[in-house]
Amino acid sequence: MVKILEQYFVQNKELVLTNIGSLQLFNKPAQWVGATLHAPITEIIFVEEKKKPTAHFYHFLAEALSVHNDKAAIEYEQFLVNALALQGSKLNIGNLGHLKKLDASYIWVSHFNTANYYKDITISPIEANELANNSLSIQWYWMALILTLIAAAAILFKSL
């Protein structure tokens, strides 16, 4: 069941835990602040609001378990109750993290940390060099004339 829940979360970016809350994937894109490009932030957050999963979730779960939607709903609710009771008030959700039960509240501990993958980048301004301004520039028609002479010499050499 845990692998199915993990797969559903990865595909849909949300997992509703019946009458407990929901896990949601939060994305904050990279931002420029001054000379620093701040890394994007992606994290899994827990929102403690009591709601029911959608019909789409129960359909996904029923297909994964090869049972009817009603049976999948019952099995899911039993799984949540048993998992929190048997594992010492701790529900592991695969590699995503785990949910701890403290009295009447829940705490989400995520194993996913984008700081391991993305770092802030600081860019200093590029200083113009005096040598770059004094570089040799050949106008386009001189280049065309040189290429024409080389091509004519190659044709002449090949024909002899």
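Residues numbered from 1 in each chain as written. Predicted model: local features only at pLDDT ≥ 70, side-chain atom pairs only at ≥ 80, totals over all residues. Heavy atoms only, no water.

Trainee: I'd like a rundown of the sheet that holds strand 8 (residues 105-110), residues and numbers included.
Mentor: Pairing within the open sheet is antiparallel, and its three strands lie in the order 6-7-8. Edge positions in the sheet fall to strand 6 (90-93) and strand 8, since each has one partner strand and no second. Neighbour-to-neighbour, the strand axes of the sheet open up by a mean angle of 20 degrees, direction not taken into account. (Pairing = 2+ DSSP bridges. Helix = DSSP H or I, 4+ residues; strand = E, 2+ residues; numbered from the N terminus. Axes fitted to C-alpha atoms, helices over the stretch in contact; angles between N-to-C directions.)

Trainee: Can you explain the environment of Ala 55? Please cite residues and give values.
Mentor: Mapped onto the secondary structure, Ala 55 falls in helix 2 (residues 55-65). Of the residues examined, Ala 55 reaches a relative accessible area of 63% and is grouped as exposed. Sequence-wise, Ala 55 and Asn 69 are 14 residues apart; in three dimensions their C-alpha atoms are separated by 8.5 Å. (Buried < 20%, exposed > 50% of the residue type's maximum accessible area, 1.4 Å probe, protein only.)

Trainee: Which residues make up the pairing of strand 8, and what are the values?
Mentor: Of the strand pairs in this sheet, strand 7 (residues 97-102) and strand 8 are connected by six bridges, and their pairing is antiparallel. Pairing of His 98 across the sheet is with Val 109, part of strand 8. Where strand 7 folds back on strand 8, the antiparallel hairpin that results is connected by two residues, among which Asp 103 adopts a positive phi of roughly 55 degrees.

Trainee: Go over the sheet that holds strand 2 (residues 21-28), please, and point to the residues and values.
Mentor: Strand pairing in a sheet relies on backbone hydrogen bonds, with the paired strands running either antiparallel or parallel. Pairing within the open sheet is antiparallel, and its three strands lie in the order 1-2-5. Single-partner strands in this sheet number two, and they are strand 1 (14-17) and strand 5 (41-47). Put simply, the sheet's adjacent strands are angled 20 degrees from each other on average, direction ignored. Where strand 1 and strand 2 come together, four bridges link them in antiparallel fashion. Across the sheet, the residue bridging to Glu 14 is Gln 24, located in strand 2. Taken strand by strand, helix 1 (residues 2-12) contacts strand 1, strand 2 and strand 5, and its axis lies near 135 degrees from that of strand 1. (Contact = heavy atoms within 4.5 Å.)

Trainee: Let's hear about the nonpolar core: which residues, and what values?
Mentor: Across soluble globular proteins, you tend to see nonpolar side chains buried next to one another. One finds Leu 15 and Tyr 76 to be the most contacted residues of the largest nonpolar core, which totals 28 residues. Residue assignment for this core shows that the elements contributing at least two residues are helix 1, strand 1, strand 5, helix 2, helix 3 (69-86), strand 6 and strand 8. (Core = buried A, V, L, I, M, F, W, Y, C linked by side-chain atoms within 4.5 Å.)

Trainee: Go over the packing of helix 1 against helix 2 with me, naming the residues and quoting the values.
Mentor: Packed helices, taken two at a time, are described by the angle their axes make and the gap between the axes. One way to put it is that helix 1 packs onto helix 2 with a least axis distance of 11 Å and a crossing angle of 135 degrees. Relative to helix 2, the element helix 1 lies oblique. Considering the relative orientation of helix 1 and helix 2, their crossing is right-handed. The residues of helix 2 that touch helix 1, namely those facing Ile 4, Leu 5, Gln 7, Tyr 8, Gln 11 and Asn 12, are His 56, Phe 57, Phe 60, Leu 61, Ala 64 and Leu 65. Here the contact of helix 1 with helix 2 is composed, by residue class, of eight nonpolar, four polar and no charged. (Parallel < 35°, antiparallel > 145°, perpendicular 65-115°, else oblique. Left-handed = near helix turned anticlockwise from the far one by under 90°. Nonpolar A, V, L, I, M, F, W, Y, C, P; charged D, E, K, R; others polar.)

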